[in-house]
Amino acid sequence: MPHIIDKIYPIYLLIACFFLFKLSHLHIPYFWDELGVYSRAALYLFDHGISMLPDAMPPELSRGHPLLCAVFFAFGYKLFGPQVWAGHLTALLLSCALLYLLYKFTRDVFDRKTALLASALLAVQPVFIAQSSMVLPEVMLAFFCTASLYAYFKGRFVWLALFSTLAILTKETAIILPCCFGLPVVLTMLHNGINKKRLLEFFLVCMPLFAWGIFLLMQKIQNGWFFFPLHTGYISFSRSDILARLGYYLSFLLKGQGRYVWTILILAVSILFLLKKRTTLFSRSFISEVLPGREWRPVHILILYIVVSLFVSTLNFHLARYILLILPALCMLIAAQFVYFVENLNRPVGKYLLFPFFLVPLLYYRGHIFNVDADMGYLEFVEAQQEITAHLDEIAGEDAVLAAEFPVIHGLIDRRAGYSIREYNVAGSGKKAVEADYRIFSSPGNLDQSEPDVTKYVLLQKNISPLAKIFLYKKK
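Remember, predicted model here, so these are calculated numbers, not experimental data.

**A closer look at the pairing of strand β4 (residues 457–465)**
As paired elements, β4 and strand β5 (residues 468–475) share 8 bridges and run antiparallel to each other. Across the sheet, the residue bridging to Ile464 is Lys469, located in β5. Counting the residues between successive antiparallel strands, the hairpin from β4 to β5 contains 2 residues.

**Here we look at the nonpolar core**
The biggest cluster of nonpolar side chains holds 139 residues, and the ones touching the most others in it are Phe181, Tyr305, Tyr378 and Ile440. Of the residues forming this core, the biggest block, 14 residues, is contributed by helix α5 (residues 84–109). Those residues within four positions of Ile440 in sequence are excluded, and the remaining contacts are Ile388, Leu392, Leu402, Ala403, Ala404, Val408, Leu412, Asn446, Ile470, Phe471 and Leu472.

**Considering the sheet that holds strand β3 (residues 438–443)**
An order of β2-β1-β3-β5-β4 is seen for the 5 strands of this open sheet, with the pairing classed as mixed. Every other strand in the sheet has two partners, leaving β2 (425–426) and β4 as the edge strands with one partner each. Set on the sheet, helix α20 (residues 379–395) makes contact with β1 (401–403), β3, β4 and β5; between it and β5 the angle comes to about 15°.

**Focus on the packing of aromatic side chains**
Each aromatic ring pair is summarised here by two numbers: the centre-to-centre distance and the angle between the ring planes. According to the stated counting rule, one finds 24 aromatic pairs in the structure shown. Plain terms: the ring middles of Tyr248 and Tyr249 are 5.5 Å apart, the flat faces sit at 70° to each other, and that makes the pair edge-to-face. Plain terms: the ring middles of Phe338 and Phe357 are 5.2 Å apart, the flat faces sit at 75° to each other, and that makes the pair edge-to-face. Of this pair, Phe338 sits in helix α18 (residues 327–343) while Phe357 sits in helix α19 (residues 350–362); the two residues are 19 residues apart in sequence, bridging distant segments of the chain. Under the relative-accessibility criterion, Phe357 is labelled buried at 6%. Ring pairs connect the aromatic residues Phe31, Trp32, Phe370, Tyr378, Phe381 and Phe406, which therefore count as one cluster. Lying across the ring of Phe46, Lys78 places its NZ or CZ 4.9 Å from the centre. A cation sits over an aromatic face here: Arg259 above Phe252, 4.6 Å from the ring centre.

**Considering the pattern of salt bridges**
One pass over the full model with this rule turns up 12 salt bridges. The shortest N-O distance in the salt bridge between Arg321 and Asp373 comes to 2.9 Å. Taken together, the residues span a long stretch of sequence, with Arg321 in the loop between α17 (297–313) and α18 and Asp373 in the loop between α19 and α20 at a distance of 52 residues. Judged by relative accessible area, which is 1%, Asp373 ranks as buried. A salt bridge links Asp414 to Arg416; the nearest nitrogen and oxygen atoms lie 3.2 Å apart. The exposure class assigned to Asp414 is buried, which follows from its relative accessible area of 18%. Here the salt bridges do not stand alone but share partners, grouping Asp33, Glu138, Lys171, Arg321 and Asp373 into one network.

The rules behind the values
Residues numbered from 1 in each chain as written. Predicted model: local features only at pLDDT ≥ 70, side-chain atom pairs only at ≥ 80, totals over all residues. Heavy atoms only, no water. Pairing = 2+ DSSP bridges. Helix = DSSP H or I, 4+ residues; strand = E, 2+ residues; numbered from the N terminus. Core = buried A, V, L, I, M, F, W, Y, C linked by side-chain atoms within 4.5 Å. Buried < 20%, exposed > 50% of the residue type's maximum accessible area, 1.4 Å probe, protein only. Contact = heavy atoms within 4.5 Å. Axes fitted to C-alpha atoms, helices over the stretch in contact; angles between N-to-C directions. Phe/Tyr/Trp six-rings, centres within 6.5 Å; stacked < 30°, edge-to-face > 60°. Lys NZ or Arg CZ within 6 Å of the ring centre and 35° of its normal. Salt bridge = Lys/Arg side-chain N within 4 Å of Asp/Glu carboxyl O.

Geometric descriptors of this kind do not, in isolation, establish any biological role.
Now the structure itself:
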């Protein structure tokens, strides 16, 4: 019995605690991209029929992305109902599955204590806490990418083909997987020769590229373009853009949200390793032990995966949540480094060193600056919009016309977004917006680019906090 408890109980307890903590977030209305794009896409499939074909929904909802994410959440709505809590619960269940998958993967590569530490490290990251219940593709992409890494480590290339294909049908960023796994396979063929097994492995590694190619071809046939026109402008191969985005991601990964503790650990472990191995570090026996060693192979792949992921991510528009596909792999490496560091020091000090790893990130649970949906600070904007909308519901007539912009507007046109008990008549932009009975200005939002015309509108209510400003105006 003690052996079973030691094997199973800790990770289940961690996941249960995380799940119970996140239950309080299930009724939070949708926000930002989950409000304006992804929940709307899933609800559209729920209303009109679930399909993976590019023309299954308007391009303004699909944005040219493969539709697996929308299909997944649409099935969640079919199972639980089209409510806000159902979308969040579907995401939360997948996030809990990711924590368990990371535990199994790390346990097989290292050991149980490292595995539990890796899952716990991921669970306390503010960006994961925020994303874990949101109707967005990032956690889903991280799950399939981690599953692909696990399948590769196990040498199960059929499962690798399946998971990496599901990853690229979730989001195109998963092109990193065939790039990452294809390189070792090609190098092996060049070194050891080509045979049927290696050719089959190479074919399976490239499977997601074939799947994505088919999707793009169908999109060209059905929508008239391969890539969503609006998004092509975000892609840049400019060195200055790449370096700026790389700096942003590295800063967020290795310094943001308290992860400077990770950077300190990396430096400490590197120094300790050099001190312990300084006499044999460059010897032939040490190199031959490290390079072909099976225990080092996953570490090489994880590092290659992180490097390729960062490079591909720098080519497109950047948001903090996009690094979620890297975090599980990085948590594995950080957990392994921590265990190595503690085991080479006085053991009792280990339990004290754990505190900053778990407590420091929680200090950034609700950030001090607006970082979109990378921490729970977004709740300030949601709460402000809820308050303004509740007042609007009380005073606006049935025929009232409302004008607002992203992200507020999408919380007013569908009651299933979680903000309003009704669905408003919405004016368009320009002159039509000026003729609206009510106007909402917000920052972040349209207040950053325009100001209300106080000669035509009178202020009814405002909500101002450090991270959000929302104003409700009525036409005079």
